[in-house]
Amino acid sequence: MAAEIKTRPPQRQPILMNRIEDQTLDITTMSTFTPGEEGIITVSEDKSIRIWLKRETGQYWPSVCHFLTSPCSTSYYDKASQTIFIGQESGDIDEFVVADDYNRVTHQRKYAAHTSKVTGCFYDAKNEVLLSCGKDKYIIWHGTKTGQRFAGYQTSSIPLCLQYPLSPLLAL
């Protein structure tokens, strides 16, 4: 009786393309952008927002380092408007506009959205609406044009993330 040898197909392994050397505390969230620059936006528990740009050497170096008043818990970056929303452990959400050359962030508005840690946020640029959820068990809608709170919904448990489907809602 002959034994049959079965070979396993080669498995694809992830390849580390680049590494960012950073001495800060844990990075909470990251966003990438590549319209003309290779860059990464990081938000950390050390209260910092950093924009890392890839230099000629192939390494990423920070071009912006901005500190907030409390540790950052989540972020959302809208590439079209170059706007970043940073949720914090204090319950506030800060809105920043990133400069075209990615070397400056300008504070636009602070939203007193929640009474405890912000766990998720999303920005709908077409309708100018900021949605957020937090450990206070609320999902909140804010208008970004005026900063006014539109509505809130209390959930029975803590919402940990937020997903907002744009295409099905716009098709209605």
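Computed from a predicted structure; not experimentally measured. (Residues numbered from 1 in each chain as written. Predicted model: local features only at pLDDT ≥ 70, side-chain atom pairs only at ≥ 80, totals over all residues. Heavy atoms only, no water.)

Pulling in residues and values, what's your account of the sheet that holds strand β6 (residues 83-88)?
A sheet is described by the order of its strands in space; here 4 strands give the open sequence β5-β6-β7-β8, paired in antiparallel fashion. Edge strands, defined here as strands with exactly one partner in the open sheet, are β5 (72-78) and β8 (105-112). For this sheet, the mean angle separating the axes of adjacent strands, direction not counted, is 20°. For strand β7 (residues 92-98) and β8, the ladder comprises 7 bridges, and the chain directions are antiparallel. Bridge pairing in β8 places V97 opposite T106. (Pairing = 2+ DSSP bridges. Helix = DSSP H or I, 4+ residues; strand = E, 2+ residues; numbered from the N terminus. Axes fitted to C-alpha atoms, helices over the stretch in contact; angles between N-to-C directions.)

How would you explain the pairing of β6 if you had to name every residue and give the values?
With respect to burial, β6 is a largely interior element, 6 of its 6 residues being buried. Sheet analysis places β5 next to β6, joined by 6 bridges and oriented antiparallel. Across the sheet, C72 pairs through a bridge with Q88, a residue of β6. In this structure, the hairpin formed by β5 and β6 is closed by a connection of 4 residues, where Q82 is found at a positive phi of approximately 55°. Bridge count for β6 against β7 is 5 bridges, and the pairing is antiparallel. The partner of G87 across the bridge, within β7, is I93. Between β6 and β7, which follow one another and run antiparallel, lie 3 residues, and G91 among them has a positive phi close to 100°. (Buried < 20%, exposed > 50% of the residue type's maximum accessible area, 1.4 Å probe, protein only.)

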